Amino acid sequence: MSPPLDWLSRLLEITPVRGQLDLRCMYGAPWRIDQSASAPGEILYHIVLGGSAVLEDPIGKTPRQLAAGDIVLLADGDAHTLHDGSGKRAKAARERAVANLVFSENSGSGAQLDMLCGRFVLSPAHARLLRGYLPTRLIAHSAVQTGDATKTGLHLSNLLTLMRVESSGDSLGGRAMLNALSTALFALTLRFASESGEAPAGLLALAGYPRLAPALEALFHDPGHPWTLPALAQLCNMSRATFVRLFQEKLGRSASDLLTDIRMTMAANELRTSSASTGAIAERAGYQSEAAFQRAFKLHMGVTPAHWRRGLY
């Protein structure tokens, strides 16, 4: 018998993520990185190991000052800029490849930056669910402060230390280790953000609100169940109106929207990986009518289940 999975484990089971470390940037000021938009199915990340940086983007969001221990996840995939904040013309960077990693360096003699840059890779269908429910720009402040570090914060700090060590040399299996650590980084950063209340809205904000936790766990644990708003509200010991208001406030979407997205993602996975009939998959996804499932799937994914199964999209 398999144990029940918590919501985050279930999310990462139905939307598998593969981490990939691309660069270790070691710059002296002045420096600047103009990062282009990510490819479909990719979420970029940056980890400030040492020094500081300013994060900007071209659509007018407020610049953010980053310090050592900060982790940035950019779920929206938009282009963005990182720089030292001096306003001076950046020194040209050059790349140096070692066995397991590429180092990007410059000749700047000012304040030093040590930063890891990589990406989380997933299929476009999975990216749709994650990007829709994660903050467009998540910054996790993982630096351990004496006396106030959480258990997850300590784990995250230790993970960054291991990534720093593994990216410093040419150890056997180093590339595989760095990518595996990057994959673990995704789950641990989401856990940390949900516990620390650093997500303004979305799944992490919802998970960080204990009163709604029973509904979140129920939707991920048993999405094929015929859930109703009164039933979910009862799980949370609140009225239907209060449940609807709080859920929308924290997630930015309704419980019905989340349930449909979970069901469609699970169904899309099963259509591509199993030989089960469309009717059987529809039933497991909580649809009593195959025709209703067909309509919902096409509306959600843009193609019919048959076309999705054959890769015709």
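Scoring rules and cut-offs
Residues numbered from 1 in each chain as written. Predicted model: local features only at pLDDT ≥ 70, side-chain atom pairs only at ≥ 80, totals over all residues. Heavy atoms only, no water. Helix = DSSP H or I, 4+ residues; strand = E, 2+ residues; numbered from the N terminus. Polar contact = N/O pair within 3.5 Å; in protein donor to acceptor, adjacent residues only side chain to side chain. Pairing = 2+ DSSP bridges. Axes fitted to C-alpha atoms, helices over the stretch in contact; angles between N-to-C directions. Contact = heavy atoms within 4.5 Å. Salt bridge = Lys/Arg side-chain N within 4 Å of Asp/Glu carboxyl O. Expected span 1.5 Å × (residues − 1). Buried < 20%, exposed > 50% of the residue type's maximum accessible area, 1.4 Å probe, protein only. Core = buried A, V, L, I, M, F, W, Y, C linked by side-chain atoms within 4.5 Å.

- As recorded in an unreviewed UniProt entry, the protein goes by the name Cupin domain-containing protein, listed as coming from Dyella humi.

1. A look at the side chain of His-83
Link 1 in the chain: With respect to the helices and strands, the residue His-83 is situated in strand β7 (residues 80-83).
Link 2 in the chain: A polar contact is formed between the side chain of His-83 and the side chain of Glu-56, at a distance of 3.1 Å.
Link 3 in the chain: Here the side chain of His-83 touches Gly-85 through a polar contact of 2.9 Å, landing on its backbone nitrogen.

2. Some thoughts on the sheet that holds strand β11 (residues 138-141)
Link 1 in the chain: Spatially, β8-β9-β1-β10-β3-β6-β11 is the arrangement adopted by the seven strands of the open sheet, whose pairing is mixed. With partners counted over all chains shown, the strands left at the sheet margins are β8 (93-97) and β11, one partner each. Neighbour-to-neighbour, the strand axes of the sheet open up by a mean angle of 20°, direction not taken into account.
Link 2 in the chain: Lying over the sheet, helix α3 (residues 151-166) contacts β1 (18-28), β3 (42-50), β6 (70-74) and β10 (112-121), oriented at roughly 85° with respect to β3.
Link 3 in the chain: Together, β1, β3, β6, β10 and β11 form the strand contacts of helix α4 (residues 174-196), whose direction differs from that of β1 by roughly 95°.

3. Quick word on the sheet that holds strand β2 (residues 32-35)
Note on sheets: strands pair through backbone hydrogen bonds, and any given pair is parallel or antiparallel.
Link 1 in the chain: One open sheet holds the four strands; their spatial order is β2-β7-β4-β5, and the pairing between them is antiparallel. Every interior strand has two partners, whereas the edge strands, β2 and β5 (64-67), have only one. Each adjacent strand pair in this sheet contributes to an overall mean axis angle of 20°, direction not counted.
Link 2 in the chain: Sheet analysis places β2 next to β7, joined by four bridges and oriented antiparallel.

4. Some words on the pattern of salt bridges
Link 1 in the chain: In the structure shown here, the tally under the stated rule is 10 salt bridges.
Link 2 in the chain: Of the charged contacts in the structure, one is a salt bridge between Arg-119 and Glu-42, with a shortest N-O distance of 2.7 Å. Here Glu-42 lies in strand β3 and Arg-119 lies in strand β10, a separation of 77 residues in the sequence.
Link 3 in the chain: Members of the salt-bridge network, linked through shared partners, are Asp-22, Glu-42 and Arg-119.

5. Points about the side chain of Arg-137
Link 1 in the chain: Relative to the assigned elements, Arg-137 resides in the loop between α2 (124-133) and β11.
Link 2 in the chain: A distance of 3.1 Å separates a polar atom in the side chain of Arg-137 from the backbone oxygen of Thr-62.
Link 3 in the chain: Residues within four places of Arg-137 in sequence aside, it is in contact with Leu-55, Asp-57, Lys-61, Thr-62, Arg-64, Leu-73 and Leu-74.

6. Concerning α4
Link 1 in the chain: Its 23 residues place the ends of α4 31 Å apart at the C-alpha level, agreeing with the 33 Å of an ideal helix rising 1.5 Å per residue.
Link 2 in the chain: Positive phi appears at Gly-197, one or two residues downstream of α4, with a value of about 70°.

7. A few points about unusual backbone geometry
Of all residues except glycine, most have a negative phi; of all peptide bonds, most are trans.
Link 1 in the chain: Pro-30 follows Ala-29 through a cis peptide bond whose omega is 5°.
Link 2 in the chain: Mapping Pro-30 onto the fold places it in the loop between β1 and β2.
Link 3 in the chain: The phi torsion at Asn-237 lies on the positive side, around 55°, for a residue other than glycine.
Link 4 in the chain: The residue Asn-237 is located in the loop between α7 (229-235) and α8 (240-251) in this model.
Link 5 in the chain: The exposed category is assigned to Asn-237, whose relative accessible area is 69%.

8. So, the nonpolar core
Link 1 in the chain: In terms of nonpolar packing, the biggest core is built from 58 residues, with Ile-47, Leu-185, Phe-186, Leu-203, Phe-243, Phe-247 and Leu-258 touching the most fellow members.
Link 2 in the chain: Apart from the residues lying within four places of it in its own chain, the contact partners of Leu-203 are Trp-7, Leu-11, Tyr-133, Leu-216, Phe-220, Leu-251 and Leu-258.

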